Structures are given as structure tokens and as C-alpha cells.
Amino acid sequence: MSITSPLLSRHGAVPDAGVDAPVAAHYGDPAQEQRALARGRAVVDLSNRGVVTVTGPDRLSWLHTLSSQQLTGLPAGVTTETLLLSIQGRIEFDLLVTDDGERTWLLTDAGQHADLARWLDSMRFMLRVEVADVTADWAALGTTLDPEDAPAPLRDAVVRFTDPWPRIGPGGYAYTVSADHPAASWRWTLFLVPRAGLEATVDALADAGVGLAGNSAAEALRIAAWRPRYARDVDEKTIPHELDLIRTGVHLAKGCYKGQETVARVHNLGHPPRRLVFLHLDGSEHTLPAAGAEVHSGDRTVGRVTSVAQHGEMGPIALAVVKRSVDPAADLVVVDGESRYAAAQEVIVAPDAGQVVGRPVGLLNTRRG
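Keep in mind the model is a prediction, meaning the values are calculated, not measured.

Definitions and limits used
- Residues numbered from 1 in each chain as written.
- Predicted model: local features only at pLDDT ≥ 70, side-chain atom pairs only at ≥ 80, totals over all residues.
- Heavy atoms only, no water.
- Helix = DSSP H or I, 4+ residues; strand = E, 2+ residues; numbered from the N terminus.
- Rg over C-alpha atoms; globule rule 2.2 N^0.38 Å.
- Buried < 20%, exposed > 50% of the residue type's maximum accessible area, 1.4 Å probe, protein only.
- Contact = heavy atoms within 4.5 Å.
- Areas by Shrake-Rupley, 256 points an atom, 1.4 Å probe, with all protein chains shown as cover.
- Lys, Arg positive; Asp, Glu negative; His and termini not counted.
- Charge placed at Lys NZ, Arg CZ, Asp CG, Glu CD.
- Pairing = 2+ DSSP bridges.
- Axes fitted to C-alpha atoms, helices over the stretch in contact; angles between N-to-C directions.
- Parallel < 35°, antiparallel > 145°, perpendicular 65-115°, else oblique.
- Left-handed = near helix turned anticlockwise from the far one by under 90°.
- pLDDT = per-residue confidence, 0-100.
- Salt bridge = Lys/Arg side-chain N within 4 Å of Asp/Glu carboxyl O.
- Core = buried A, V, L, I, M, F, W, Y, C linked by side-chain atoms within 4.5 Å.

1. A short note on the overall build of the protein
Then, in step 1: Of regular secondary structure, the protein possesses 9 helices and 18 strands.
Then, in step 2: A compact globule built from 369 residues would reach a C-alpha radius of gyration of about 21 Å, and the protein, at 20 Å, matches this within 12%.
Then, in step 3: Reported as C-alpha extents along the three principal axes, the dimensions of the protein are approximately 55 × 50 × 35 Å.
Then, in step 4: Within the protein, the fraction of its 369 residues that count as buried is 55%.
Then, in step 5: Of the contacts formed within the protein by residues at least 6 apart in sequence, a portion of 72% connects residues at least 24 apart.
Then, in step 6: Surface accessibility of the protein: about 15200 Å² in total, with carbon and sulfur atoms responsible for 52%.
Then, in step 7: Charge separation in the protein, taken as the distance between the mean sites of 35 positive and 45 negative side-chain charges, equals 5 Å.

2. Points about the sheet that holds strand E15 (residues 300-311)
Then, in step 1: With antiparallel pairing, 6 strands are arranged side by side around a closed barrel as E13-E16-E15-E14-E17-E18. Across the sheet, the axes of successive neighbouring strands diverge by a mean angle of 40 degrees, strand direction being ignored.
Then, in step 2: Each of strand E13 (274-281), E15 and strand E16 (315-323) is contacted by helix H6 (residues 215-224), which is oriented at about 130 degrees to E15, the strand it contacts most.

3. Considering the packing of helix H1 (residues 30-38) against H6
Then, in step 1: Where H1 contacts H6, the two axes come as close as 8 Å, and the packing angle between them is 55 degrees. Between H1 and H6, the crossing angle belongs to the class labelled oblique. Considering the relative orientation of H1 and H6, their crossing is right-handed. Across the interface between the two elements, Pro30, Glu33, Gln34, Leu37 and Ala38 of H1 pack against Ser216, Ala217, Ala218, Ala220 and Leu221 of H6.

4. Things to note about the confidence of the model for the protein
Then, in step 1: For the protein, the mean per-residue pLDDT works out to 94, and 96% of the residues sit at or above 70.
Then, in step 2: Per-residue pLDDT stays below 50 along residues 361-369; that stretch engages in 26 contacts with residues further than four places along the chain or on separate chains.

5. Comments concerning the pattern of salt bridges
Then, in step 1: Considering all chains together, one arrives at 23 salt bridges under this definition.
Then, in step 2: In this structure, Lys258 engages Glu92 in a salt bridge whose closest nitrogen and oxygen atoms are separated by 3.9 Å. Placement of the pair is Lys258 in the loop between helix H8 (246-249) and helix H9 (260-269) and Glu92 in strand E6 (residues 91-99), with a sequence separation of 166 residues.
Then, in step 3: You can call Lys258 partly exposed: its relative accessible area is 32%.
Then, in step 4: With a closest N to O distance of 3.0 Å, Asp109 and Arg229 form a salt bridge. In this pair, Asp109 is assigned in the loop between strand E7 (103-108) and helix H3 (113-122) and Arg229 in the loop between H6 and helix H7 (230-233), connecting sequence segments 120 residues apart.

6. Details of the nonpolar core
A general trend in soluble globular proteins is that nonpolar side chains are found buried together.
Then, in step 1: Counting 51 residues, the largest nonpolar core has Leu37, Trp105, Phe161, Trp188, Leu190 and Leu192 as its most contacted members.
Then, in step 2: In this structure Leu192 touches Val51, Trp105, Leu107, Trp138, Ala139, Ala140, Ala157, Val158, Val159 and Phe161, once residues within four positions along its chain are discounted.
Then, in step 3: Counting residues in each nonpolar core, the second largest holds 19 residues, with Ala24, Tyr27, Ala139 and Leu205 among its members.

Set out below in C-alpha cells:
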């Protein structure tokens, strides 16, 4: 189910593409919208995201057994991230999770909610849980606003998800090279509002001085924060280590979930075969490469671009997944048809990430918190 946002009918709205086509890329002034969003003076329509709820007394203990995260005892109102993996440890679902004391709310990326609800329903067996896809009833608004400073239309939202990125959660581990992370001050919250009242909520926010920004603004800030996104940066082979998702989405001391063997083996004894990198792109082309464009080192194809955006301060930027063996100092080129973009690589996942057993302290950032 893909529900086109009513906000696309607003003056100046330009639809986004792909899985984000149901929402606006911008409303006529993408640069100004991005600045407003970064300052906490705008919200982004993310109503193409999915919402699934789980009720019943066994809900958290049941989800705990299925996922990569410690969910038993999750305090009401706290957000965590969890992954549902294949038996080979590949990412099948990436979810933000919060519980209100009566039900657990799962926020999915675009296009995931129906499959998630069906799969969860098939796994209930005799447990006291009920699964519902409530995407048709709820719409998400994203913002960098501090939730405590948000205007009433957001403070009154039934549910909010505070993105834990990039804080290293309990049982998590950083695969970055150093302790300095560009998103150390990152704040991103998604508020659920009734879908039927989405336009009224946005109008009330405008009256309170909080405008509307397009999805391209949110994507630029996300990429600058090195924040992976399922719909953009995950493919059929992706394991959590490659995207630094051990940081927020995996509890390494937790056992007995599908894919755990791969997670533990790669973390303790091996290396992820690929790694996420941040790219500063040459802006002289005055265009952006498409997601999926090849990344070359010399005459070799070594990876592909997964996310790309025009950032108001840094210019054209991208996330890409490349082979682990790519030299961090190598000159890279992004090739998209006849266009070629020189790319300066900034390491996100360290080339020697993993193989933690026997590793001297200090080769990877093992800072907690």
C-alpha cells in the first residue's frame, strides 16, 4: 500500500522519486527548506513510512526473541532500533521501536510495513500478541526540533520516535575509525499524527512558526550524519556491520535470534566484506549522480552509490558501499552514464572492522555511550 500525501497538492510541491514518490522532494525552495530544517524551524512529511503495532502481554518478550535488540524491559517512551535478519545475517527489516505501556509501535521505512505485518503475524504461534498494520491511520513528521521545545501540535502527538543514532547503545559497538562522529549533536525525532489530520497539523505548526520542508532536506541532513536508511543503503546482501548498524541496532550480548551466528562470527572472527563510506563529490558537473551509480578506483568497479544529496554547506554528498579492500586514500570516481564525478572518500566503517577477539584495545573505537 502506497498512500500519496495530501501535502503534495500544496503550492510548489515537487514529488520525490522511487519509494519517496508519495511525498514532496521540496516545496519550491529546497535550499531554504534545508536551512530551516537544520535550525529546527521546519518539519518534513514522512507519511510514506509504515506503522505497525503489537499489543498483548507477551509483545516485548516476543519481539525480543525475533530481533537483534534487547527489547525486554524497554521503558515506556524510550526509542530503540532493531533489525530483523535472515538466517545468513542479512538485513530484512530495520525498525524504530517504542512502547507506550499498552502497545509497541514499530516504524518502518517506505514499503516495508505490509511485509512486516504479514511476517510478524505468521510468527505469533500461541503467544498473547496481536499485530496490526496501522499505516493508513498514522502519518510521520520528522524534525530536528528538541521534542521538549516542540509546539503543541507535536507535543500532543500520540507517539514519538527519537532516533538513537549515533549513540552507541547498550551492547552496541562502533565500527568507525575514531571517536569523533559528525552526528555527535544529531537530533532527529519522528512524531506520529493522525493521517486524517495531517494537513491541519502542518497548518497549526506553520502558525507556530514551524514550516514545511521537503524530503530532500531530510536526506541531505541524514547523509551528512552518516545515518544509513533501509530503503536507500540496504541491498539483498547487506549485513549490519557494513553500515555501522552494530552501533544502534544490535545488542551483542543478546542471543537466540535469526542471523545471530553471522553477526557474532563477523564481529569476533572476521571482517565485513563491504563498508559504508561518505563521499564529497565534485560539483563541477552541476548535477548529481543517481543512486546505484558505480564507484570506480582506477579501472576497477569497487562499489556503488546508495544515497546522494545536495547539502547546503558541503555541496554534493553521497553515501556509498564499497569493497572492504578499497584503500581509504584511493582516488575514487563515481560513474553515472557519461557523467563522471571525482569523489573524496571519508571512512565511516573502518577497513579492519571486526575480528574483535584478540584485538588490542584502541584499533577500533570501542567507546560506549
